[in-house]
Amino acid sequence: MNSLVKVMPNFKKFNDYIFDIKKGVNPIMLSGLTDVGKIHIPEAILNKVGKFTDDEFALMKSHPEEGHKLLQFLPPIQNGLFNKIADEMAYCHHEKWDGSGYPRKLSALEIPLSARIMACADVLDALISQRLYKEPMSIEQAMDVFEKSSGSHFEPCIAQAVIDSRAEIEKEDKLFKDSENQSNAEELQWWLRYHANRN
């Protein structure tokens, strides 16, 4: 998300969104609420390693609607602008440019701009991150996905913004993974000391 924000000024159609950011609406904070609806999804489904059953997938696909409902209880922040964009991202980040997404099968400009951007950030994160059920893709493989999904899953100019951000994405990805590895190593050492002291 951070990398996309940095290249947005290169695209004039993002001007309104850039204006919102300049008014103090932090896109990184907003992105943290995108999957808030998953708190209503059973942990066994969220952490499942294998393929979802049809019923499990249907339940997982309910998280945008659940997020939309939950965010109605959020008190107004920044005169409601934060709430508006947070709701757009949570409710619509699984919609697709060609109308094949969910939960409402919105297409093209029916999808709020914030959600069209978040859709790219969300997929990029999923592709290059390790999950219980998969190893991370390389940045090169992820860029190939965006090239092939431009105009179907993603708005073409936003997919292009991702591709144009490759160097920045590679830098951010390395920093994050180095930090994560360091944190994991420190946690492991803590637990080793803990168990050694108990014996």
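Okay, so let's go over this structure. (Residues numbered from 1 in each chain as written. Predicted model: local features only at pLDDT ≥ 70, side-chain atom pairs only at ≥ 80, totals over all residues. Heavy atoms only, no water.)

## Describing the environment of Glu110
In step 1: The residue Glu110 is located in the loop between α7 (81-92) and α8 (113-128) in this model.
In step 2: On the basis of relative accessible area, Glu110 is assigned to the exposed category, the value being 52%.
In step 3: Along the chain, Glu110 and Gly99 lie 11 residues apart, while their C-alpha atoms are 9.3 Å from each other. (Helix = DSSP H or I, 4+ residues; strand = E, 2+ residues; numbered from the N terminus. Buried < 20%, exposed > 50% of the residue type's maximum accessible area, 1.4 Å probe, protein only.)

## Section: α8
In step 1: In a regular helix each residue adds 1.5 Å, so 16 residues correspond to 22 Å; α8 covers 23 Å between its end C-alpha atoms and thus fits that length.
In step 2: Across the 16 residues that make up α8, a large majority, 14, are buried. (Expected span 1.5 Å × (residues − 1).)

## Observations regarding unusual backbone geometry
With the exception of glycine, most residues fall at negative phi, and the peptide bonds are largely trans.
In step 1: Note that the residue after Tyr102, namely Pro103, is joined by a cis bond; omega there is 10°.
In step 2: A positive phi angle is found at Gln78, which is not glycine, with a value near 50°.
In step 3: With respect to the element layout, Gln78 can be found in the loop between α6 (63-71) and α7.
In step 4: We classify Gln78 as partly exposed; its relative accessible area is 35%.

## Examining the nonpolar core
In step 1: Grouped together as the largest cluster of nonpolar side chains are 18 residues, with contacts concentrated most on Leu124, Ile128, Met143, Phe146, Val162 and Ile169.
In step 2: Counting residues in hydrophobic clusters, the runner-up holds 10 residues, among them Leu30, Leu81, Ala90 and Met118. (Core = buried A, V, L, I, M, F, W, Y, C linked by side-chain atoms within 4.5 Å.)

## Topic: the environment of Arg131
In step 1: Looking at the secondary structure, you find Arg131 in the loop between α8 and α9 (139-149).
In step 2: Under the relative-accessibility criterion, Arg131 is labelled partly exposed at 29%.
In step 3: Separated by 84 residues in the primary sequence, Arg131 and Asn47 place their C-alpha atoms 9.3 Å from one another.
In step 4: Among residues more than four places away in sequence, those in contact with Arg131 are Asp125 and Ala126. (Contact = heavy atoms within 4.5 Å.)

## Regarding the pattern of salt bridges
In step 1: Here the structure, examined in full by the defined rule, presents 10 salt bridges.
In step 2: Here Lys84 makes a salt bridge to Glu88, at a shortest N to O gap of 2.7 Å. One end of the pair, Lys84, and the other, Glu88, are both in helix α7, 4 residues apart, so they sit about a helical turn from each other.
In step 3: For Glu88, a relative accessible area of 16% gives the class buried.
In step 4: Residues Glu155 and Arg116 are paired through a salt bridge, measuring 2.6 Å at the closest nitrogen-oxygen approach. Of this pair, Glu155 sits in the loop between α9 and α10 (156-164) while Arg116 sits in helix α8; the two residues are 39 residues apart in sequence, bridging distant segments of the chain. In terms of burial, Glu155 and Arg116 fall into one category: buried. (Salt bridge = Lys/Arg side-chain N within 4 Å of Asp/Glu carboxyl O.)

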